[in-house]
Amino acid sequence: RPTAVAHSPAATQPPPRTMPTFPPTWTPITSAASPGGTPTPLFSRRLDTAQAEIAQAQALMQDQQYAEAVTVWNEVLTQVPEYADGYYQRAQSYVGLTANQRFLSEYLDYVTQALADFSEAIRLDPGVGDYYFGRFEVENRLAGQEFYRIDRDVWFNQALEDVRQANQFGTQ
């Protein structure tokens, strides 16, 4: 037989209400103060503090140490997530990694990562022809991996549009 619970004043009160909180890593990208988080420093200030890592990543790319360069670019993009050229450079590092791959799955993984980074660079700064040309090269590689012509044509059409954009904006 169930026993009756003794009534206490604490048992009849509703639980305390709490306000939802954001994850502790949340900070707005803007430089303006907001009620929900701490403002991040301005883009130029964060880019200046990342110059040592940027120089290190570029030196690693010059030495064709692409895997290490990707790691450093990851650090740079963590500090300055809106740095379009950082995504472009990391994409170039991924393309460099494809030269020595023995497994198709690993090759496609690097090419897919490069495509995502080129697309992000274009999203952040759509007026740079080199970003479109890099994406064109990756799309051309992906087209070459397709078995069916209809799938290749999709990639070739996207690549054609990107090379047109690259020609419009110019490349270095």
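Above this text sits the structure in question.
Model, not experiment: these values are computed from the prediction.

(A) Representation of the environment of G129 within the structure. Looking at where G129 falls in the secondary structure, it is placed in helix α7 (residues 129-145). On the basis of relative accessibility, which here comes to 2%, the residue G129 falls in the buried class. Separated by 33 residues in sequence, G129 and D162 place their C-alpha atoms 8.8 Å apart. Ignoring sequence-local partners within four residues, the contact set of G129 consists of A166, F169, G170 and T171.

(B) Representation of the side chain of Q89 within the structure. Inspection of the secondary structure assignment puts Q89 in helix α5 (residues 84-97). Classification of Q89 by relative accessible area gives buried; the value is 14%. Among residues more than four places away in sequence, those in contact with Q89 are M61 and W73.

(C) Expanded view of helix α8 (residues 149-169). Its 21 residues give α8 an end-to-end C-alpha distance of 30 Å, which sits within 8% of 30 Å, the value for a rise of 1.5 Å per residue. Restricting attention to buried positions, one finds in α8 the residues W155, A159, D162, V163 and A166. Along α8, the residues classed as buried sweep out an arc of 105 degrees about the axis, all on the same side. Residues R149, I150, N157, R164, N167 and Q168 are exposed on α8 and point more than 90 degrees away from its buried face. Packed against the buried residues of α8 are α6 (104-124) and α7. Two residues or fewer after α8 comes G170, characterised by a positive phi angle close to 85 degrees.

(D) Just the nonpolar core, in detail. Residues I54, W73, Y83, A114, F118 and V138 are the most contacted members of the largest nonpolar core, which totals 37 residues. Sorting the residues of this core by element identifies α3 (51-62), α4 (66-79), α5, α6, α7 and α8 as the ones contributing at least two each. Leaving out residues up to four positions away in the same chain, A114 has contacts with A91, Y94, V95 and V138.

(E) Region of the structure containing α3. Here α3 spans 16 Å end to end across 12 residues, near enough to the 16 Å set by a 1.5 Å rise per residue. Looking only at α3, the buried set comprises I54, A57, L60 and M61. Looking down the long axis of α3, one finds its buried residues gathered within 125 degrees of arc, a one-sided arrangement. Opposite its buried face, α3 presents the exposed residues A52 and Q62, each directed more than 90 degrees away. Residues of α3 that are buried sit in contact with α2 (43-49), α4 and α5.

Cut-off values and rules
Residues numbered from 1 in each chain as written. Predicted model: local features only at pLDDT ≥ 70, side-chain atom pairs only at ≥ 80, totals over all residues. Heavy atoms only, no water. Helix = DSSP H or I, 4+ residues; strand = E, 2+ residues; numbered from the N terminus. Buried < 20%, exposed > 50% of the residue type's maximum accessible area, 1.4 Å probe, protein only. Contact = heavy atoms within 4.5 Å. Expected span 1.5 Å × (residues − 1). Arc of directions from axis to C-beta. Core = buried A, V, L, I, M, F, W, Y, C linked by side-chain atoms within 4.5 Å.

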